[in-house]
Amino acid sequence: MESIRYSDFSSSFTKDSNLGNSFKELNMSFNEVIEAFKRTRAQKEEQMLFLQIMIQHVNTGIISFTSTGKIGVINGTAKQLLQIPQFKDIHDLGKLSMELLDEVLSLKPGGAFSLRIDSELHLNVQSAAFKMEGQSWTLLSFQNIKSELQKNELEAWQNLTKVLRHEIMNSMTPIASLASSLGIILEEDVTEKEEGTLFLNKESYLDLSEGLATISKRSIGLVDFVNAYRDYTNIPQPIIKAFPVRSLFENIRILLSEDLLISNISLTCELSPLDLEIIGDQELLQMILINLVKNGKEAMAKASNRTILLKGGVDNHSQPYIQVIDHGEGIVPEALERIFVPFYTTKKSGSGIGLAISRQIMNLHRGNLEVSSVPGERTVFTLSFR
């Protein structure tokens, strides 16, 4: 028993006991118990060795630390990414970046964030929590997402260039063509009378007037497009503080009550729990909800169920969310992934910038904006917060 207690499995018991058959059977049972413990310990040691080798060879940096900050496990990838000598305490992260340390210490279990350290290092960090031998541990995973960001940035610039080229060409081509045509009219149809007086017949005058009006209209459209682009690239940083979702919903209801009444649409609110709070910029989030409710109203022009629902709650990870649910015409699957692209729109009128700005605001809140839709039944926009 003491051998088992102190994990000493070198002992063995003779099968040829002179004390009788009962002691012989007891000795054989003890030997079987010791062999079982040996096998169990060997299996655990093999599993531990396998896990250690796997942790050291993954391309993701891994660090575990206790509630007091003491480092438990740190793999080679984490050491290579962070380049911190004598890394024994999580507070040593401050040697690399105090901002990184503050973010890690304030990170909740299951949370994540990304942070640019320098031109070569842009970290994406995820967190998990566990208990071992009665002690609380935090597990962090690190990835340098610089190359992925550069790839996404290049694709974004290419897409933006396509959009800009498309919009500018749509405006400039007819303007250039009309300007040339109007010049020909002035050159061919204008005649000079005595005393320097110029004469233009009525038909040519109407052609000139119509052409100039078209140029003016297209120019205004181009200016509106540039202003929309400016709005998209100049979103202010959110002023973060806790506020009750109930007040946010009440503001939306008051602001849009008259507009929805004219369209014969009712706005209902649902909160669980009733005192649900969100940490964020109430004004910016209000702007998102106004945009989503207005989009829902426009989509419900022919709907029989004329109700838009504002819903607030918490998910399975105890993270708050807000949903805007309408019963309009819905969004076809091929458009679902594109509606957040700047200047893409499925409506006959509109800049296609509202949803792109809304998602960018949620990104600034370290949250997300997602959509699901069943055409002809309902569309759900979900604002998820971390």
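Now for a look at the structure at hand. No experiment lies behind these values; they were computed from the predicted model shown.

Moving on, we come to the overall build of the chain. Counting secondary structure elements, the chain contains ten helices and 14 strands. Within the span of the chain, comprising 386 residues, buried residues form 33% of the whole. About 24900 Å² of surface is accessible on the chain, with carbon and sulfur atoms providing 53% of the total.

Along helix 4 (residues 98-106), the residues classified as buried are Leu-100, Leu-101, Glu-103 and Val-104. Down the axis of helix 4, the smallest arc covering the buried residues is 165°, so these residues share one side. In this structure, the buried residues of helix 4 make contact with strand 1 (61-66), helix 3 (76-82), strand 3 (112-118), strand 4 (121-132) and strand 5 (135-144). With a side-chain oxygen positioned 3.3 Å from the backbone nitrogen of Glu-99, the residue opening helix 4 is Ser-97.

Packing of helix 8 (residues 282-299) against helix 10 (residues 354-364) brings their axes to within 10 Å, and their N-to-C directions diverge by 145°. Handedness of the helix 8/helix 10 crossing: left-handed. Taken together, the residues of helix 10 that come into contact with helix 8 (itself represented by Leu-284, Leu-285, Met-287, Ile-288, Asn-291, Leu-292 and Asn-295) are Gly-354, Leu-355, Ile-357, Ser-358, Ile-361 and Met-362.

This part is about the packing of aromatic side chains. Enumeration over the complete set of coordinates arrives at one aromatic pair. Considering the side-chain rings of Phe-130 and Trp-137, the 6.3 Å spacing of their centres and the 10° angle between planes classify their relative orientation as stacked. Judged by its relative accessible area of 31%, Phe-130 is partly exposed.

Let's shift gears to the side chain of Thr-60. Position of Thr-60 relative to the elements: it lies in the loop between helix 2 (21-57) and strand 1. Within the structure, Thr-60 has its side chain in polar contact with the side chain of Gln-143 (distance 3.4 Å). Aside from chain neighbours lying at most four places away, what touches Thr-60 is Asn-75, Thr-77, Ser-141, Phe-142 and Gln-143.

The side chains of a regular strand alternate between both faces of the sheet. Summarising burial for strand 1: six of the six residues are buried, a large majority. Alternating positions in strand 1 separate into two faces, Gly-61, Ile-63 and Phe-65 on one and Ile-62, Ser-64 and Thr-66 on the other, with burial throughout. Looking at chain direction, strand 1 and strand 2 (residues 71-74) are connected through two bridges and run antiparallel. The residue of strand 2 that forms the bridge with Ile-63 is Ile-74.

A word on the sheet that holds strand 14 (residues 378-384). On the basis of which strands lie adjacent, the open sheet formed by five strands has the order 9-11-12-14-13 and mixed pairing. With partners counted over all chains shown, the strands left at the sheet margins are strand 9 (266-271) and strand 13 (368-374), one partner each. Ignoring which end each strand starts from, the neighbouring axes of this sheet average 15° apart. With six bridges joining them, strand 11 (residues 307-314) and strand 12 (residues 320-326) adopt antiparallel strand pairing.

What follows is about the pattern of salt bridges. Once the charged atoms of two side chains with opposite charge are near each other, the side chains can pair. Within the structure shown, the criterion is met by six salt bridges. In this structure, Arg-366 and Glu-103 form a salt bridge, with 2.5 Å as the shortest nitrogen-oxygen distance. Linking Arg-366 in the loop between helix 10 and strand 13 with Glu-103 in helix 4, this pair joins segments that are 263 residues apart in sequence. Overall, Arg-366 belongs to the partly exposed group, its relative accessible area being 39%.

One can find Glu-283 in helix 8. Put simply, Glu-283 and Ile-239 are 44 residues apart on the chain and 8.9 Å apart in space, counted from C-alpha to C-alpha.

Following Ser-272, the chain continues to Pro-273 via a peptide bond in cis, the omega torsion being 5°. When you line up the elements, Pro-273 lands in the loop between strand 9 and strand 10 (277-280). Even without glycine at this site, Asn-264 takes up a positive phi of about 60°. One non-glycine residue with positive phi stands out, namely Arg-366, at about 60°.

The next subject is helix 2. Its 37 residues place the ends of helix 2 54 Å apart at the C-alpha level, agreeing with the 54 Å of an ideal helix rising 1.5 Å per residue. Restricting attention to buried positions, one finds in helix 2 the residues Asn-27, Asn-31 and Ile-34.

Moving on: the sheet that holds strand 5. Strand order in the open sheet made by the five strands is 2-1-5-4-3, with antiparallel pairing throughout. Here the strands that pair on one side only, and so sit at the sheet edges, are strand 2 and strand 3. Across the sheet, the axes of successive neighbouring strands diverge by a mean angle of 25°, strand direction being ignored. Here six bridges tie strand 1 to strand 5, and the two strands are oriented antiparallel to one another. Within strand 5, the position partnered with Phe-65 by the bridge is Thr-138. Packing against the sheet, helix 4 makes contact with strand 1, strand 3, strand 4 and strand 5, and its axis sits at approximately 170° to strand 3.

About the cut-offs
Residues numbered from 1 in each chain as written. Predicted model: local features only at pLDDT ≥ 70, side-chain atom pairs only at ≥ 80, totals over all residues. Heavy atoms only, no water. Helix = DSSP H or I, 4+ residues; strand = E, 2+ residues; numbered from the N terminus. Buried < 20%, exposed > 50% of the residue type's maximum accessible area, 1.4 Å probe, protein only. Areas by Shrake-Rupley, 256 points an atom, 1.4 Å probe, with all protein chains shown as cover. Arc of directions from axis to C-beta. Contact = heavy atoms within 4.5 Å. Polar contact = N/O pair within 3.5 Å; in protein donor to acceptor, adjacent residues only side chain to side chain. Axes fitted to C-alpha atoms, helices over the stretch in contact; angles between N-to-C directions. Left-handed = near helix turned anticlockwise from the far one by under 90°. Phe/Tyr/Trp six-rings, centres within 6.5 Å; stacked < 30°, edge-to-face > 60°. Pairing = 2+ DSSP bridges. Salt bridge = Lys/Arg side-chain N within 4 Å of Asp/Glu carboxyl O. Expected span 1.5 Å × (residues − 1).

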